[in-house]
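Structural characterization, general
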Amino acid sequence: MFNLGNNNAPLNKDQMHPDDTRNLVIFLVIAAILYFSYDAFILQPQSAAIKARVKAQAQVTAVDGPSQNAAKLVKAMPRAQVISEARGRIAFENDELKGTINPKGATLDDLQLKEYYETLEKEEYVSLLTPKGAKGARSFEYGWVADDSATSVPTSSTLWGVRGNDKLTPETPVELVWNNGQGIIFIQRYELDEQYAFTITQSVENNSGEAVTLYPYGLVAQRGLPENFQPVWISHEGPVGYIGKELEQPQYKDLRKEKEFEYTADQGWLGLTEKYWLTALIPPQGQNVKYKYNYSGDEKDQRNIGLYQADYIGGAVDVPAGQSKSVTSHAYAGAKKVLALNDYEEKLGVPHFSLAVDFGWFWFLTYPFFYALHYIGLAVGNMGIAVILLTIVIRGMVFPLTNISYRSFAKMKKVAPQTKVLREKYGEDKQKLQQELIKMYSQEGVNPMAGCLPMVLQIPIFFALYKVFFNTIELRHAPFFGWIQDLSAPDPTSIFNLFGLIPFDVPGFLHIGVWPCLMLLGMVIQKNMNPPPQDKLQRDMAMYMPFIFAFIMSRFASGLVVYWTFSAYIGILQQIIIMRSMGVPIYLFGEKEEEEMTKGVDVHPLAAMAEEEVEDALFGEHEEEQPAKPISKPKPKKKTAAKKGSSKKGKKK
């Protein structure tokens, strides 16, 4: 009745087929094998590598930590004394740089720029790197962090030996060697190019009989803030870098507060920047590298002794027994020359290296202005003349816009007699006067937006030029003529001692020199040539604005003031030509026309017209209002023949 040996017998609906049970068991076994294999061969090694890397990063951070006590840091020794006390320093030099490498710690901590001086007197080179213990200490360090703490690696106190050449030049590299006593030899090979870049090749020769795992690192550390640090919005100074696909520019104050910023990317660079100088690390590109900015010290740092550091740590380097491995990176220490940075960007394959020069949001204008100024300066041999020629070029480029503005202003000046008549006619009737002025302006084709909008469109040009004049190193210590020996500095003369004729030391905030005064004169003439506002408050603002602007600009780079002054006088010349062609009288210094156009109550016809134009642009032109038609009673609809027939049938029923 029952066939127990037949496997094909029908099963209960809740009973699993033997084949399914077998497949489930096989699946669970395979899943378990895969899980434990993944955990043993992937997750655990990754976790160990991450822990080792975190440990290595912590050791890198402590390489130049606050090991010296605060009292010694405050009483910093002279730079020359600190350098002279370090024995066996290795000299390096090319056409742009000179300095020494300290064999203790293999530290690159003495570097001066031969082309640039601290002051106009040219008595002392700009010092970009300074040893620890001196004021303004800043240095580069390269080394290794071991995966195993039992492996001895070089530290900041390790004394390295020199192998081969004892002076670093573009033709002769230098090798520093250190044996850890465990069969492992560490080698650092320094190469110097013709400009500002060092190539550092870190090598490890493993003769210990066992494999070792090491992590290469590089750092640039700075004690306190630079002496000439200027926390201004126009130029970023402090930690900087292009990491991954983002430009990173944390502020010093943010770094003091947060203590560290950390990133991971396969390409980029990082460092510390000043207005004109850059010290940057360029790790190997195309590898997974951890970038980091960190700060050691008090957040408020009243004594300016905190340690700012930019560093990176590369991926693990496994060195089998009897073999050697090398890692190559680069360091940049020099002037922020845009053309030089562009060359390194291409030669070293480092992304956006020229962004170390802070050209801001209007870079699409700033870069063309920079290149024009640079090459004009090379052609004429004087950056002041280059600024004037660049001014003429820019004024020519924006002439279509200024032409519209000046013609609009000329039309407003031309209707001055009609304005006088309307003011006499309507007297104190402000509303009626404004309506008639608007009507008259419309009939005469006076367009308020035509005069104002072109001026607004030129604001990005001014900010872009401001960036160029403020950040471009080509203007630093560049002479013009006479008393202007530095186009990057304010005009040193002052009207308050008759520009030096009276032996009186003028306070800094009263240094309003010759060029700001010439600029003031040009702005006053422009103000008198433009139509005066119909409102007293706006007239007062227009009257005092040139003086306020001249006072503010007197603190700016004289190169920018030269540009603005020549721009004003070129504008005056253009405006005179346009006004004469339109038969408009010209009053450079008199106020006759202003009295005719503004006598009486304050009105705002241009503001009202501008508001109407904006509304028309946004919502369309307003049609003239038509008188409302009376609403008539709707007429009854006519019935068709078919409807009439059906209606009659209905009635018969």
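The present account deals with the structure reproduced in this document. (Residues numbered from 1 in each chain as written. Predicted model: local features only at pLDDT ≥ 70, side-chain atom pairs only at ≥ 80, totals over all residues. Heavy atoms only, no water.)

**What to know about the overall build of the chain**
Regarding its fold elements, the chain presents 18 helices and 20 strands. Here the chain holds 653 residues, and 45% of them are scored as buried. Pairs at least 24 residues apart make up 68% of the contacts formed inside the chain by residues separated by at least 6 positions. For the chain, the computed accessible surface area is about 35,300 Å², with 58% contributed by carbon and sulfur atoms. (Helix = DSSP H or I, 4+ residues; strand = E, 2+ residues; numbered from the N terminus. Buried < 20%, exposed > 50% of the residue type's maximum accessible area, 1.4 Å probe, protein only. Contact = heavy atoms within 4.5 Å. Areas by Shrake-Rupley, 256 points an atom, 1.4 Å probe, with all protein chains shown as cover.)

**Notes on the pattern of salt bridges**
Scanning the model with the defined rule gives 15 salt bridges in all. Between Glu-141 and Lys-132 there is a salt bridge, and its shortest N-O distance comes to 2.9 Å. On the basis of relative accessible area, Glu-141 is assigned to the buried category, the value being 2%. By sharing partners, the salt bridges in this structure join Arg-163, Glu-175, Arg-189 and Glu-191 into a single network. (Salt bridge = Lys/Arg side-chain N within 4 Å of Asp/Glu carboxyl O.)

**Quick notes on the side chain of Arg-223**
Relative to the helices and strands, Arg-223 is located in strand S11 (residues 212-223). Reaching out from Arg-223, the side chain makes a polar contact with the backbone oxygen of Ile-305 at a distance of 3.1 Å. (Polar contact = N/O pair within 3.5 Å; in protein donor to acceptor, adjacent residues only side chain to side chain.)

**Remarks on the nonpolar core**
Core analysis: the biggest nonpolar cluster contains 109 residues, and Phe-198 and Phe-353 have the highest contact counts within it. Broken down by element, the residue count for this core peaks at 7 residues, all from helix H12 (residues 459-471). Formed by 11 residues, the second largest nonpolar core is a distinct cluster that contains Ile-572, Met-579, Met-582 and Val-584. (Core = buried A, V, L, I, M, F, W, Y, C linked by side-chain atoms within 4.5 Å.)

**Brief notes about the pairing of strand S5 (residues 138-146)**
Counting buried residues along S5, 9 of its 9 residues qualify, which places the element largely inside the surrounding structure. Both faces of S5 are covered, namely the face carrying Arg-138, Phe-140, Tyr-142, Trp-144 and Ala-146 and the face carrying Ser-139, Glu-141, Gly-143 and Val-145. Judged from the 9 bridges that link them, S5 and S11 form a sheet pairing that is antiparallel. Bridge pairing in S11 places Gly-143 opposite Tyr-217. (Pairing = 2+ DSSP bridges.)

**Side note on the pairing of strand S9 (residues 184-192)**
Across the 9 residues that make up S9, a large majority, 7, are buried. By the bridge criterion, 6 bridges tie strand S8 (residues 174-179) to S9 in an arrangement that is antiparallel. Along S9, the bridge assignment pairs Val-174 with Tyr-190. Here S8 folds back onto S9, and the loop between the two strands holds 4 residues, one of which, Gly-181, carries a positive phi near 80°. Following S9, the chain reverses through 4 residues before pairing antiparallel with strand S10 (residues 197-206).

These results come straight from atomic positions and should not be treated as a statement about function.
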